[in-house]
Amino acid sequence: MFKKIYFAFLLLFLCIACERDSEFSNDSGDYNHTRSVGSSANDLLSNNKYNALILEIQYMPGYAPDANAIELVKNFLSTFLKKEGGISIVTREIPGASASSLSLNDIKAIENTSRSSFTNGSTMAVSVIYTNGQYSDNANTLGIAYRNTSVALLGKVIHDNSGGFGQVSRTKLEATVLEHELGHLLGLVDLGSQMQLNHKDPANGNHCNNNNCLMYYASETTDILSFLNTNNIPQLDTNCKADLKANGGK
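Residues numbered from 1 in each chain as written. Predicted model: local features only at pLDDT ≥ 70, side-chain atom pairs only at ≥ 80, totals over all residues. Heavy atoms only, no water.

Looking at an unreviewed UniProt entry, the chain carries the name Metallopeptidase family M12-like protein, with the source organism given as Chryseobacterium defluvii.

*Asks:* Please provide a residue-by-residue account of the overall build of the chain, values included.
*Replies:* Of regular secondary structure, the chain possesses 8 helices and 7 strands. Classification of the 250 residues of the chain by burial places 49% in the buried group. The long-range fraction of contacts in the chain, counting pairs at least 24 apart against all pairs at least 6 apart in sequence, stands at 70%. (Helix = DSSP H or I, 4+ residues; strand = E, 2+ residues; numbered from the N terminus. Buried < 20%, exposed > 50% of the residue type's maximum accessible area, 1.4 Å probe, protein only. Contact = heavy atoms within 4.5 Å.)

*Asks:* Lay out the pairing of strand β2 (residues 86-93) with the relevant residues and their values.
*Replies:* In terms of strand pairing, strand β1 (residues 52-59) meets β2 through 8 bridges, oriented parallel. From the neighbouring strand, L53 faces β2, where its bridge partner is I87. Tracing the backbone out of β1, into helix α3 (residues 67-80) and back to the parallel element β2 gives a crossover that is right-handed. (Pairing = 2+ DSSP bridges. Right-handed = clockwise from strand over helix to strand, strands pointing away.)

*Asks:* An account of the pattern of salt bridges is needed here, citing residue identities and associated values.
*Replies:* A complete count under the given rule lists 5 salt bridges for this structure. We note a salt bridge from R115 to E111, for which the minimum N-O separation is 2.9 Å. Accessibility expressed as a relative area gives 6% for R115, which makes it buried. A salt bridge links D190 to K200; its shortest N-O distance comes to 3.6 Å. (Salt bridge = Lys/Arg side-chain N within 4 Å of Asp/Glu carboxyl O.)

*Asks:* How would you explain the pairing of strand β7 (residues 150-153) if you had to name every residue and give the values?
*Replies:* The side-chain alternation of β7 yields two buried faces, one formed by S150 and A152 and the other by V151 and L153. Hairpin connection between strand β6 (residues 143-147) and β7: a loop of 2 residues separates the two successive antiparallel strands.

*Asks:* Describe the sheet that holds β1, with residues and values.
*Replies:* Overall, mixed pairing links the 5 strands, which are arranged β2-β1-β4-β7-β6 in an open sheet. The sheet terminates laterally at β2 and β6, the two strands that pair on one side only. Direction aside, neighbouring strands of the sheet carry axes that sit 20 degrees apart on average. Direction of pairing for β1 relative to strand β4 (residues 123-130): parallel, over a ladder of 8 bridges. Counted as the bridge partner of L53 is M124 from β4. Helix α4 (residues 104-114) contacts β1, β2, β4, β6 and β7 of the sheet and is inclined by roughly 65 degrees relative to β6. Helix α6 (residues 170-185) rests against β1, β4, β6 and β7 of the sheet, and its axis sits at about 155 degrees to β7. (Axes fitted to C-alpha atoms, helices over the stretch in contact; angles between N-to-C directions.)

*Asks:* Provide a residue-level description of unusual backbone geometry, including the pertinent values.
*Replies:* For the peptide bond that leads from L188 to V189, omega is -5 degrees, which places it in the cis range. Along the polypeptide, V189 turns up in the loop between α6 and α7 (225-230). Within the chain, D190 stands out as a residue other than glycine whose phi angle is a positive 65 degrees. Locating D190 in the fold gives a position in the loop between α6 and α7.

*Asks:* Can you break down the side chain of S162 residue by residue, with the values?
*Replies:* Within the element layout of this structure, S162 appears in the loop between α5 (155-160) and α6. Take S162: its relative accessible area is 2%, and that puts it in the buried class. Once residues within four sequence positions are removed from consideration, S162 is found in contact with Q167, V168, S169, R170 and L173.

*Asks:* Please set out α4 residue by residue, giving values where relevant.
*Replies:* Of all the positions in α4, only I107, I110, E111 and S114 are classed as buried. One side of α4 holds all its buried residues, which, seen down the axis, span an arc of 95 degrees. Exposed residues on α4 whose side chains face more than 90 degrees from its buried face are N105 and T113. (Arc of directions from axis to C-beta.)

*Asks:* An account of the environment of R147 is needed here, citing residue identities and associated values.
*Replies:* Inspection of the secondary structure assignment puts R147 in strand β6. You can call R147 buried: its relative accessible area is 7%. Along the primary structure R147 and T34 are separated by 113 residues, whereas in three dimensions their C-alpha atoms are 5.9 Å apart. A distance of 3.4 Å separates the side chain of R147 from the side chain of N112, its partner in a polar contact. (Polar contact = N/O pair within 3.5 Å; in protein donor to acceptor, adjacent residues only side chain to side chain.)

*Asks:* Give a description of the environment of T221 that names residues and reports values.
*Replies:* Looking at where T221 falls in the secondary structure, it is placed in the loop between α6 and α7. For T221, a relative accessible area of 13% puts it in the buried group. Along the chain, T221 and I144 lie 77 residues apart, while their C-alpha atoms are 9.6 Å from each other.

Spelled out as structure tokens, the structure:
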């Protein structure tokens, strides 16, 4: 009797685990898109197993991505990723969220139903969602990276703080936030791309300690606004570049 109960439990556990692992797959044996941020860094950076990348941007009504920002982001990726098969970006509109404040679980649920591009064959896929609400954990948050191939930009917060008279340009703000969050998917800082020298900011988690670097914590919050008003989009510093190169990037 005990053996029967044990094997029934084991079968149930395996089914649940399989379902969780293949949540974002075209087939149960496909790439696992539900791992932690940075765990796909080498796959994204190198040309070893995946030689192409598709960036799928899903946006809610009224929050379509800025075209110039997307070009800057594509140039950013082309600079650091070895993808001989090319990097493509596709955009499409998805239904808006009814709530004005979104939790991490809310954002995950949106991706669960809206994502349509998955890693397949030799092509990696990354999902980006532009929301129509703010982040429930911190209203000043502009973007989050939350899975190994998943990023969200808080579209309304970005729009409220850019593009108007006396405000930073939307192109600069949007490109900065998206590049920063993609940097986390690439394993920065100390999330999957090993630090060649210690440059982690002890006060702000997985961020660079150089306040002029793209991976400084302010790049994903409204704290970046005063910097962007008088400066260009921050770039990766020498330490961050070294980490990416050591993990298979250019």
